[in-house]
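# Structural overview
One-letter residues, chain by chain:
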Amino acid sequence: GVGATTSGRNDIEVDGSKISGAAYKLAPPRALHHGTLLIDVEMTALAGLLNPNKLKLQSKGVASVAARVANLKTINPDITHDSLSQAIIEAFCSHYGSPNLQPE
């Protein structure tokens with residue numbers, strides 16, 4: 001594990017750096033949700049794609065998106081897409097008492 005904690009209503013952080021975010025939209029009769037985990041993102045590209053509210057960043061005490069986020073691979077070099085996917089599946093199955101499933 002990496003000692004992650006929740007922050008706010010839709011972030012996951014490790015040592016104060018955001019490694020995950022989520023967003024949702026209510027569009028009756030539907031609810032849409034998506035989430036992301038940063039495994040090995042090119043931070044320069046990420047900074048160019050995100051345009052957060054400048055006041056929100058200032059409230060977090062950071063100068064840019066790149067200053068507030070971290071790759072899981074930086075925190076634990078052994079993390080890969082496959083190992084993270086398997087860990088999520090195992091945690092889900094354990095939490096909900098389901099047999100261990102494998103993605104197709």
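Attention here is on the structure that accompanies the text. Small disclaimer: the values here were computed from a predicted structure and weren't measured.

### Digging into the overall build of the protein chain
- Within the protein chain, the secondary structure is distributed over five helices and four strands.
- When the helices and strands of the protein chain are read in sequence order from the N terminus, they spell out β-β-β-β-α-α-α-α-α.
- The buried share among the 104 residues of the protein chain stands at 21%.
- Nonlocal contacts in the protein chain, meaning residues at least 24 apart in sequence, comprise 37% of its contacts between residues at least 6 apart.
- Taken as a whole, the protein chain presents about 7,700 Å² of accessible surface, with 56% of it coming from carbon and sulfur.

### A short note on the side chain of asparagine 71
- Inspection of the secondary structure assignment puts asparagine 71 in the loop between α3 (65-68) and α4 (72-75).
- A relative accessible area of 7% means that asparagine 71 is categorised as buried.
- One polar contact links the side chain of asparagine 71 to the main-chain amide nitrogen of aspartate 40, over a distance of 3.5 Å.
- Non-local contacts of asparagine 71, meaning those with residues more than four positions away in its chain, are made with Leu38, Ile39, Asp40, Val41 and Met43.

### Quick word on the layout of surface pockets
- Size it by volume and the second largest pocket reaches roughly 290 Å³.
- Lining the second largest pocket are 13 residues, and of these Val2, Leu37, Leu72, Leu84 and Ile88 sit closest to its centre.
- Among the elements that take part in the lining of the second largest pocket, helix α5 (residues 81-96) stands out by supplying four residues, more than any other.
- Residues of the lining of the second largest pocket, tallied by class, amount to 10 nonpolar, three polar and no charged.

### A word on α5
- Over its 16 residues, α5 runs 23 Å from end to end, which matches the ideal 22 Å to within 8%, given 1.5 Å per residue.
- Of the positions making up α5, those classed as buried are Leu84, Ile89 and Cys93. The buried residues of α5 occupy one face: seen down the axis, they fall within an arc of 165°. More than 90 degrees from the buried face of α5, the exposed residues found are Ser94 and His95.
- Here the buried face of α5 lies against β4 (30-37) and α4.
- Glycine 97 sits one or two positions beyond α5 and adopts a positive phi of about 65°.

### So, the side chain of glutamate 13
- Here glutamate 13 shows up in strand β2 (residues 11-14).
- Side chain to side chain, glutamate 13 and serine 7 meet in a polar contact 3.4 Å long.
- Those residues in contact with glutamate 13, other than ones at most four positions away along the chain, are Gly3, Ala4, Thr5, Ser7, Lys18, Ile19 and Arg68.

The rules behind each value
Residues numbered from 1 in each chain as written. Predicted model: local features only at pLDDT ≥ 70, side-chain atom pairs only at ≥ 80, totals over all residues. Heavy atoms only, no water. Helix = DSSP H or I, 4+ residues; strand = E, 2+ residues; numbered from the N terminus. Buried < 20%, exposed > 50% of the residue type's maximum accessible area, 1.4 Å probe, protein only. Contact = heavy atoms within 4.5 Å. Areas by Shrake-Rupley, 256 points an atom, 1.4 Å probe, with all protein chains shown as cover. Polar contact = N/O pair within 3.5 Å; in protein donor to acceptor, adjacent residues only side chain to side chain. 1 Å grid on protein atoms, 1.4 Å probe; cavity = no way out; pocket = protein on both sides within 12 Å on 5 of 7 lines; lining within 4 Å. Points joined across faces, edges and corners; volume = space filled by probe spheres on them. Nonpolar A, V, L, I, M, F, W, Y, C, P; charged D, E, K, R; others polar. Expected span 1.5 Å × (residues − 1). Arc of directions from axis to C-beta.

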